[in-house]
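Below are the chains, spelled out letter by letter.
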Amino acid sequence: MNKNFLALGLAAALLAPQVAGAEGFAINEWSAEGVAMGGARMFAEDDAANVAYNPASITKVKGEVMKSSYTYLSPHGNYKLYDGAGKEIEDGKNVVHAGWAVGSYYVRQINDKEWFGIGAFPRFAMVSEFERGSKASTNAFFSKLNGVSVTPTYAHKFDKKWSAAVGAEINYVGLELQKNLQMKMPVETPVGTKIATIDGTTQIEGESYALGWNAAANYAFDDKNEIGVVYRSRIKHSLEADLKGYNTKPDLMGGGDVFGNAYGVVTLPDSWDIGYNHKFDKKTRLELKATRTNWSTYDALNVYFDKSLIGIPNKVESSPSAKNWESGWRYAIGLEHNLSDKYAVMAGFAFDESSIPYEGGDFMVPTGLRRTYSIGARYNDKKQTVAVALGWMDVGNLDFAGHATDAYKSAHAYDSFTKIASISYQRKF
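Residues numbered from 1 in each chain as written. Predicted model: local features only at pLDDT ≥ 70, side-chain atom pairs only at ≥ 80, totals over all residues. Heavy atoms only, no water.

Structural notes on the overall build of the protein chain
At step 1: Broken down by element type, the protein chain carries three helices and 22 strands.
At step 2: By the compact-globule yardstick of 22 Å for 429 residues, the protein chain fits well, its C-alpha radius of gyration being 24 Å.
At step 3: Over its C-alpha atoms, taken along the principal directions, the protein chain stretches across nearly 85 × 40 × 35 Å.
At step 4: Here the protein chain holds 429 residues, and 55% of them are scored as buried. (Helix = DSSP H or I, 4+ residues; strand = E, 2+ residues; numbered from the N terminus. Rg over C-alpha atoms; globule rule 2.2 N^0.38 Å. Buried < 20%, exposed > 50% of the residue type's maximum accessible area, 1.4 Å probe, protein only.)

Topic: the environment of Ser410
At step 1: With respect to the helices and strands, Ser410 occurs in strand β22 (residues 410-428).
At step 2: It is 9.9 Å that separates the C-alpha atoms of Ser410 and Gly361, two residues lying 49 residues apart in sequence.
At step 3: Dropping the residues within four chain positions of it, Ser410 is found in contact with Lys80, Leu81, Tyr82, Tyr358, Phe400, Ala401 and Gly402. (Contact = heavy atoms within 4.5 Å.)

What about the confidence of the model for the protein chain?
At step 1: For the protein chain, per-residue confidence averages 88 on the pLDDT scale, and 91% of positions sit at 70 or higher.
At step 2: The low-confidence segment residues 5-23, where pLDDT is below 50, has 68 contacts with residues more than four positions distant or belonging to other chains. (pLDDT = per-residue confidence, 0-100.)

Here's the deal with the pairing of β22
At step 1: Across 17 bridges, strand β1 (residues 64-82) lies against β22 in antiparallel orientation. Along β22, the bridge assignment pairs Tyr82 with Ser410.
At step 2: Relative to β22, strand β20 (residues 384-394) is paired through eleven bridges, and the arrangement is antiparallel. Following the sheet pairing, Asp394 is matched in β22 by Phe417.
At step 3: Bridge count between strand β21 (residues 398-401) and β22: four bridges; the pairing is antiparallel. Note on β22: the bridge partner recorded for Ala401 is Ser410. (Pairing = 2+ DSSP bridges.)

Observations concerning empty space enclosed by the protein
At step 1: Applying the stated criterion to the full structure yields six cavities of 30 Å³ or more.
At step 2: The calculated volume of the largest cavity comes to roughly 350 Å³.
At step 3: Looking at the largest cavity, it is lined by 27 residues, and the ones nearest its centre are Pro75, Val127, Ser128, Pro366 and Thr367.
At step 4: When contributions to the lining of the largest cavity are tallied by element, the ones reaching two or more residues are β1, β5 (126-129) and β22.
At step 5: A breakdown of the residues in the lining of the largest cavity according to their chemical character gives 16 nonpolar, nine polar and two charged.
At step 6: By volume, the second largest cavity is sized at about 240 Å³.
At step 7: The wall of the second largest cavity is formed by 22 residues, among which Ala26, Asn28, Ser271, Thr291 and Thr293 lie closest to the centre.
At step 8: Of all the secondary-structure elements, those providing two or more residues to the lining of the second largest cavity are β13 (271-279), β14 (284-293) and β17 (328-338).
At step 9: When residues of the lining of the second largest cavity are assigned to their parent elements, the largest contribution, three residues, is made by β17.
At step 10: Split by residue class, the lining of the second largest cavity holds eight nonpolar, six polar and eight charged. (1 Å grid on protein atoms, 1.4 Å probe; cavity = no way out; pocket = protein on both sides within 12 Å on 5 of 7 lines; lining within 4 Å. Points joined across faces, edges and corners; volume = space filled by probe spheres on them. Nonpolar A, V, L, I, M, F, W, Y, C, P; charged D, E, K, R; others polar.)

Observations concerning the side chain of Asp273
At step 1: Checked against the element boundaries, Asp273 lands in strand β13.
At step 2: Within the local environment of Asp273, its side chain forms a polar contact with the side chain of Arg232, the two groups lying 2.6 Å apart.
At step 3: Not counting chain neighbours up to four residues away, the residues in contact with Asp273 comprise Met42, Tyr53, Gly228, Val229, Val230, Arg232, Lys289, Ala290 and Thr291. (Polar contact = N/O pair within 3.5 Å; in protein donor to acceptor, adjacent residues only side chain to side chain.)

With respect to the environment of Asp83
At step 1: Tracing the backbone shows Asp83 in the loop between β1 and β2 (88-93).
At step 2: Its relative accessible area of 26% is what places Asp83 among the partly exposed residues.
At step 3: As for Asp83 and Ala407, which are separated by 324 residues in sequence, their C-alpha atoms are 8.2 Å apart.
At step 4: Sequence-distant contacts of Asp83, defined by excluding residues within four places in its chain, comprise Ile89 and Lys409.
At step 5: Of the polar contacts made by the side chain of Asp83, one reaches the backbone nitrogen of Lys87; its length is 2.8 Å.

Structure follows, in structure tokens:
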């Protein structure tokens, strides 16, 4: 029974569409309890999702447990586009493209000192969509990054104060980018140079697997105060993708489609989590968490093609896109209060700094600083736990520049928010 439960949960995590949850395209919504506490859930008792939030805390799990979590995220936002003179040329909004962040976890206590855990959950993911006939579509009208991390983990409890864990990370990334290509270019004809028009659509779709690792440690000062730290390594993906260009050849060259291959390298950032847990009494506890993500590794998204999109023979082209994101902090606070032996309530708040500079913004991730407000509740008995959570993410505003092939010079994203709802179920065996 437990093997079937785990297999079903892993399949759900691998197949579900994902959406962005934290600054950049990082995800923190790994369980309903974690959502309810703003992501500040590094020291939970008997929670299999500790595999994701803090691997060293799987030493707080007694026996054998499995857990699945499903978080629904629905992003909404508006934008304005401007020409070189600063005149507004378009006012629009995103196409609501909701998705799921799915997590599955298994933890087993081997003996009084050792634990094994494994999880399948998204650490990086996003989806965004805009009207295909809009000017914004010349930058991106559909962007999707599906990501899943599988993390086998070993943890050891040295004594009543110290525990630590180390784990591997098998990281999957599936990337799809679609945009309109609208431009004019000079073309040599028998009667001289003419200005040709391109009005087509490009699609890049591929996937990659790569390896990373993580390590964590907890130290308990006493029965009421504990600190912890988690490090997750950077992961370098070499992406091979299919290239499709529909009607991307110039009209004076007869138009037509182009099909080929695309290549690119993306480095997902490393990060540090630092957490503090304080128990006021047996019923109430408070967690504080700070996360440092080295988004500076996302300096460019350069894609190289094995043939010309515009149909020039023996010409290799590329789509360079400088990002130069800045490393940033995420701060979270979470409160958990047990109403009884079976019922608990939770609340949380999180603040994400914006890491996206003016020259590095785009419609793939058009988000500014973020504030997330959340609440939740939990029921548990001796064998099972059910938790639910609701959240509201105020995404904030972002100004960013247009690029060479964009039909605008600058953009302003505003009034953006994300609705969040989550449910988790845990079973003890």
